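Structural overview for review
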Amino acid sequence: MNPAEIRITAEPIDTSRCKFVVSEPVHPGGVRRFASPDDASGSALAEAIFAIPGADVAEVIVSGNLVTVVKRGPEPWPAVGKAVGQAIRTALGGDRPAVAPKPAAPGTPGADDDGLYERVADLFEGQVNPMVARHGGRVELIDVQDAVVMVRMAGGCQGCGMADVTLRQGIEAMLQQHLPEVKGVVDITDHAAGSNPYFAAAKK
Amino acid sequence: MLRPYAHRLLLLLPTATYRTAAFVEAARRLDIELTVASERPSTFQDANPAGLVTLDLSDPDRAVTQARAFAREHPLHGVAGVDDDTAVVAAAIAGALDLRGNDVSAARAARDKHEQRALLAAAGVPVPRFTLHGVDEDPAQLAARVSYPCVLKPLRLAASRGVIRADTPEGFGAAFQRLKRILDGALPASRSLLVEDFVPGREYALEGLLSGGRLRVLALFDKPDPLDGPFFEETIYVTPSRLPADEQRAVAACAQRAAAALGLREGPVHAELRVNENGPWLIELAARPIGGRCSGALRFGTGGSGSAAWASLEEIVLRHALGMPIPSLEREPCAAGVMMIPVPGAGVLREVRGIDAARQVPLVEDVAITAHPGQQLVPWPEGARYPGFIFARGETPEAVEAALRGAHRRLQFVLV
């Protein structure tokens, strides 16, 4: 793959979070979340992003052709984004795996997250999705890693002005109530691409 | 009397607000118990009855009854609105539940442009000369009586929707009919409009926080694009202001007098002022924070580090509503700005090109397109929705302004 041909679009969510949409698959095998430089070991892309000077990267989530970076540092996204873009191009053009398979946990391999995934999936199927369906929405469970649930919103939820309320006051609260072992929820939705949001915003 | 510091906040979020993500994120960062109240029920309300409630945000008295019932099950320690209407509802609930807030009469006066003008004029705050008229009056007769240039305004619409300048009697007639049509289709229904003198001069926006009636200026924004009409769609806000220090003090003093004249004592205020050779003129003062996504241009030092180094405007608003200590009201030292992207024309948005190129402009931090594909874009004065926002930070206001303009030039809106 010629790194120069890779197109990357940065979509900052806020000062801490930014999504990078890549023209080539980065991790076609699903989702991988890195919560520390130790997690990143063996994955060239995540290693490089955690090493960006001044960014103080807290989290990297890779899913398909999407890379989401969470940073703590005050450096603005345009500066950090260039380094992330360079890291993506270098990793995809290199010999080492950009995103390595998740290592098996000690004890029963992957049992905690796998079991939790099943319980979250049941909750989504039985309760969450019937609720959001009333507004023409759907919430897809993408993965569970280290007890963090990754979701993607679709239909009326994608781009909805109240999507954050649905996520925090609805889905997250329901997960806390029914599955207190869940440590957090990450939304990897491309809300800007939502073409039929249930609630659209107007300046007030 | 204020209650001891505690954590459950009732946040009044209309479903059409741009402010949801910023306020919900602020509540999460502050680790407070949040109840979101909207005018339409969330599909999760039954699943999270402490975190979601439906209030009639169009009827403050009814909303108070509903909030009282809610608070019996889930005691509330603060309430905050995010726009003109919810500021009134928040004031009513605060009064009923003994929470920090404004008198409802003050919040109502801030929301109604005529009532506001009357109170400010009576208190000697410089405001344009104004008269109130019904939409059923004869525009030809009115056109012969008013002085020119003048501005016709609805009493309660947001974002300068329906605000039209007229320079001649013929222009007045056309503007009157146009505004009448807008009012016919608008909510809340209104049969009145304001006609006031056009005040020449540069326009500024002041963001402030009232505490015990004292105004603290959080930011003063320049509006470098002239707002001379005939319509008044906003574009660029840049802070710190390049206005001389003595004139900035005069602007702040004018806003303080206006807040006092309206009876506002607590919470955020957003004021629009014009400055000319006669000093500052108060155009409007609202009992709410800055609208749209514009608050993204503001952040305040906390003394912390990393992501905790800055607090958002929304965090300050929520802390104030709950009586929590506020680490600092000092804005960051750099210049910052936002552009409300002008509506490029009337039509259905198919796509926006050049977003990546716009984000690559030095100093630009974000380009947020809030219009969705398929959305009908409506230019001012009938419209009130910007298709997006551009944010930039830099060493100087001039550099920030240039970056915003440079990024905007790279955007191409494809309409059908």
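If you're wondering where the values come from, they're calculated on a predicted model, not measured in any experiment.

Here is what the cut-offs are and how they apply
- Residue positions are given per chain, counting from 1 as you read along its sequence in written order.
- Chains carry letters and ligands carry numbers; both start at the beginning, A for chains and 1 for ligands, and go up in the order they are written.
- Local features are withheld for residues below a pLDDT of 70 in this predicted model, meaning they are given only at 70 or higher, and side-chain atom pairs are given and counted only at 80 or more; totals for whole chains, interfaces and linings count all residues.
- Heavy atoms from the whole structure form the basis of all side-chain values; hydrogens and water molecules are not counted.
- Numbering of helices and strands starts at the N terminus; helices are DSSP runs of H or I of at least 4 residues and strands are runs of E of at least 2.
- In this setup the radius of gyration rests on C-alpha atoms only. A globule is expected at 2.2 Å times the number of residues raised to 0.38.
- Note on exposure labels: buried denotes an accessible area under 20% of the residue type's maximum, exposed denotes more than 50%, and partly exposed covers the range between, all computed with a 1.4 Å probe on protein chains only.
- Per-residue and other accessible areas follow the Shrake-Rupley method at a 1.4 Å probe size, with only the shown protein chains counted as cover for residues.
- Counted charges follow a simple rule, with Lys and Arg positive, Asp and Glu negative, and His plus the chain ends left uncounted.
- Working definition for charges: the position is that of NZ of Lys, CZ of Arg, CG of Asp or CD of Glu.
- The contact definition used throughout considers only heavy atoms, calling two residues in contact when any of these lie within 4.5 Å.
- Note on definitions: buried area is the accessible-area loss of two parts on being combined, 1.4 Å probe, summed for both.
- When a carboxyl oxygen of Asp or Glu is within 4 Å of a side-chain nitrogen of Lys or Arg, the pair counts as a salt bridge.
- An automatic or database domain assignment provides the domain bounds reported here.
- Polar contacts here mean pairs of N or O atoms no more than 3.5 Å apart (in protein, one a potential hydrogen donor and the other a potential acceptor; neighbouring residues in sequence count only if both atoms are side-chain atoms).
- Any residue that is not Ala, Val, Leu, Ile, Met, Phe, Trp, Tyr, Cys, Pro, Asp, Glu, Lys or Arg is counted as polar, Gly included; the first ten are nonpolar and the last four charged.
- A fitted line through C-alpha atoms serves as each axis, taken over the contacting stretch for helices, and the angle formed by two N-to-C directions is quoted from 0 to 180°.
- Angles are sorted into four bins: roughly parallel if under 35 degrees, roughly antiparallel if over 145, roughly perpendicular if 65 to 115, and oblique for all others.
- Crossing handedness is defined as follows: a turn of the near helix away from the far one that is anticlockwise and smaller than a right angle gives a left-handed crossing, while the clockwise case is right-handed.
- For two strands to be treated as a pair, DSSP must find no fewer than two bridges joining them.
- Any residue with an atom within 4 Å of a point lines the site, the site being either a cavity, points on a 1 Å grid over the protein atoms alone where a 1.4 Å probe fits but cannot get out, or a pocket, an open set with protein on both sides within 12 Å along at least 5 of 7 lines.
- Grid points are joined across faces, edges and corners, and a volume is the space filled by probe spheres set on the points.
- Distance thresholds for patches are 9 Å for like charges and 5 Å for nonpolar side chains (Val, Leu, Ile, Met, Phe, Trp, Tyr), applied to residues having over 30% relative accessible area and no salt bridge.
- Pairing of aromatic side chains requires ring centres within 6.5 Å, counting the rings of Phe and Tyr and the six-membered ring of Trp. Pairs whose planes differ by under 30 degrees are stacked, by over 60 edge-to-face, and all others tilted.
- As a reminder, the over-ring test applies to NZ of lysine and CZ of arginine, requiring each to be within 6 Å of the ring centre and within 35 degrees of the ring normal.

**Observations regarding the overall build of chain A**
A tally of helices and strands in chain A yields 5 helices and 8 strands. Across chain A, helices and strands are ordered from the amino to the carboxyl terminus as β-β-β-α-α-β-β-α-α-β-β-α-β. Its C-alpha atoms give chain A a radius of gyration of 17 Å, near enough to 17 Å, the size a compact globule of 204 residues would have. The dimensions of chain A, computed from C-alpha atoms along their principal axes, are 50 × 45 × 30 Å. Counting the 204 residues in chain A, one finds 52% classified as buried. Here chain A has roughly 8800 Å² of accessible surface; of this, 50% comes from carbon and sulfur atoms. Averaging the coordinates of the 19 positive side-chain charges in chain A and doing the same for the 25 negative ones gives two points 7 Å apart.

**As for the interface of chain A and chain B**
With 41 residues of chain A at the contact, the number on the chain B side is 47 residues. Surface buried jointly by chain A and chain B totals about 3800 Å² across both partners, of which 59% is contributed by carbon and sulfur atoms. Run the count over chain A and chain B and you get 0 salt bridges. Mapped by element, the contributors of at least two residues to the side of chain A that touches chain B are strand E1 (8-12), helix H3 (77-93), helix H4 (111-133) and helix H5 (163-178) of chain A.

**Description of the domain arrangement of chain A**
Frequently, the measure chosen for interface size is the accessible area that the parts lose on association. Residues and elements named next belong to chain A. Each assigned domain of chain A is listed here: domain 1 (3-93) and domain 2 (111-202). Between domain 1 and domain 2, the residue contacts involve 11 residues of the former and 12 residues of the latter. Buried surface at the junction of domain 1 and domain 2, summed over both partners, amounts to about 930 Å²; 48% is from carbon and sulfur atoms. Looking at the side of domain 1 facing domain 2, the largest losses of area belong to Lys19, Val31 and Arg33, adding up to 54% of the total buried there. The tally of links between domain 1 and domain 2 comes to 1 salt bridge. For Asp146, the salt bridge goes to Arg33, with nearest N and O atoms at 3.7 Å. Linking domain 1 with domain 2 are 2 residue pairs in polar contact (both at pLDDT 80 or more), by the criterion used here. Those elements that place two or more of their residues in the side of domain 1 that touches domain 2 are strand E3 (27-34), strand E4 (57-64) and strand E5 (66-71). Residues of the side of domain 1 that touches domain 2, tallied by class, amount to 3 nonpolar, 2 polar and 6 charged.

**Overview of the packing of H5(A) against helix H1 (residues 20-30) of chain B**
Interaxial distance between H5(A) and H1(B) falls to 8 Å at its minimum, and their mutual angle equals 25°. Judged on the interaxial angle alone, H1(B) and H5(A) are roughly parallel. The way H5(A) lies across H1(B) gives a crossing that is left-handed. On H1(B), the residues that touch Asp164(A), Val165(A) and Arg168(A) of H5(A) are Thr20(B), Ala21(B), Val24(B) and Arg28(B). For the contact of H5(A) with H1(B), a count of residues per class yields 3 nonpolar, 1 polar and 3 charged.

**Side note on the sheet that holds strand E21 (residues 412-415) of chain B**
Pairing between sheet strands relies on hydrogen bonds along the backbone, with the strands arranged either parallel or antiparallel. Residue and element names in this part refer to chain B. The 3 strands are arranged E19-E17-E21 in an open sheet whose pairing can be described as antiparallel. Every other strand in the sheet has two partners, leaving strand E19 (376-377) and E21 as the edge strands with one partner each. Note: strand E17 (residues 347-353) against E19, 2 bridges, orientation antiparallel. Residue pairing across strands places Val348 opposite Gln376, the latter belonging to E19.

**A look at the sheet that holds strand E2 (residues 33-38) of chain B**
All names here are of chain B. Read from one edge to the other, the open sheet built from 4 strands follows the order E3-E2-E1-E4, with strand pairing classed as parallel. The sheet is open, and its two borders are formed by strand E3 (52-54) and strand E4 (78-81), each paired with just one other strand. Each neighbouring strand pair of the sheet contributes to a mean axis angle of 25°, computed without reference to strand direction. Summarising the sheet, E2 and E3 pair through 3 bridges and their orientation is parallel. Bridge pairing links Ser38 to Thr54 in E3. Relative to E4, helix H3 (residues 84-97) is tilted by about 165°, and along the sheet it contacts strand E1 (8-12) and E4.

**Considering unusual backbone geometry**
Cis peptide bonds are those with omega within 30 degrees of zero, and the linkage from Tyr148(B) to Pro149(B) qualifies with -5°. Structurally, the position occupied by Pro149(B) is in the loop between helix H6 (139-145) and strand E6 (150-154). Omega for the bond connecting Thr239(B) with Pro240(B) falls within 30 degrees of zero, at 5°, which places this linkage in the cis form. Although it is not a glycine, Asp146(A) adopts a positive phi angle of roughly 50°. A relative accessible area of 30% places Asp146(A) in the partly exposed class. Phi is positive for Asp98(B), close to 60°, though the residue is something other than glycine. One can find Asp98(B) in the loop between H3 and helix H4 (104-111). In this structure Asp98(B) comes out as partly exposed when scored by relative accessible area, which is 40%.

**Describing the side chain of Arg165(B)**
Residue and element names in this part refer to chain B. Summarising the element assignment, Arg165 is placed in strand E7 (residues 164-166). Among the polar contacts made by the side chain of Arg165, one reaches the side chain of Asp167 at a distance of 2.7 Å. Discounting chain neighbours no more than four positions away, the residues touching Arg165 are Pro149, Cys150, Val151, Phe198, Asp228, Gly229, Pro230 and Phe232.

**Here we look at empty space enclosed by the protein**
Using a probe with the size of a water molecule, rolled over the atoms, empty space left in the structure can be pinpointed. All names here are of chain B. In total, this model carries 3 cavities of 30 Å³ or more according to the counting rule given. Computed from the structure, the largest cavity encloses a volume of approximately 530 Å³. Around the largest cavity, the lining is made up of 37 residues, and of these Lys153, Ser160, Glu272, Ile283 and Glu284 lie nearest the centre. Listing elements by their share of the lining of the largest cavity, those giving two or more residues are H4, helix H5 (113-122), E6, strand E8 (192-197), strand E12 (267-276) and strand E13 (279-286). The greatest single-element share of the lining of the largest cavity, amounting to 4 residues, is contributed by E13. Split into classes, the residues belonging to the lining of the largest cavity amount to 16 nonpolar, 4 polar and 17 charged.

**Considering a negative patch on the surface**
A contiguous patch of negative charge, built from Asp112(A), Asp114(A), Glu118(A) and Asp122(A), is present on the exposed surface. Mapping Asp114(A) onto the fold places it in helix H4.

**Comments concerning the packing of aromatic side chains**
Residue and element names in this part refer to chain B. Applying the stated criterion to the full structure yields 7 aromatic pairs over all chains. When the ring of Phe221 is compared with that of Tyr237, the centres are 5.3 Å apart and the planes differ by 55°; the resulting orientation is tilted. Placement of the pair is Phe221 in strand E10 (residues 214-223) and Tyr237 in strand E11 (residues 236-239), with a sequence separation of 16 residues. We classify Phe221 as buried; its relative accessible area is 0%. The side chain of Arg165 reaches across the aromatic face of Phe198, ending 4.2 Å from its centre.

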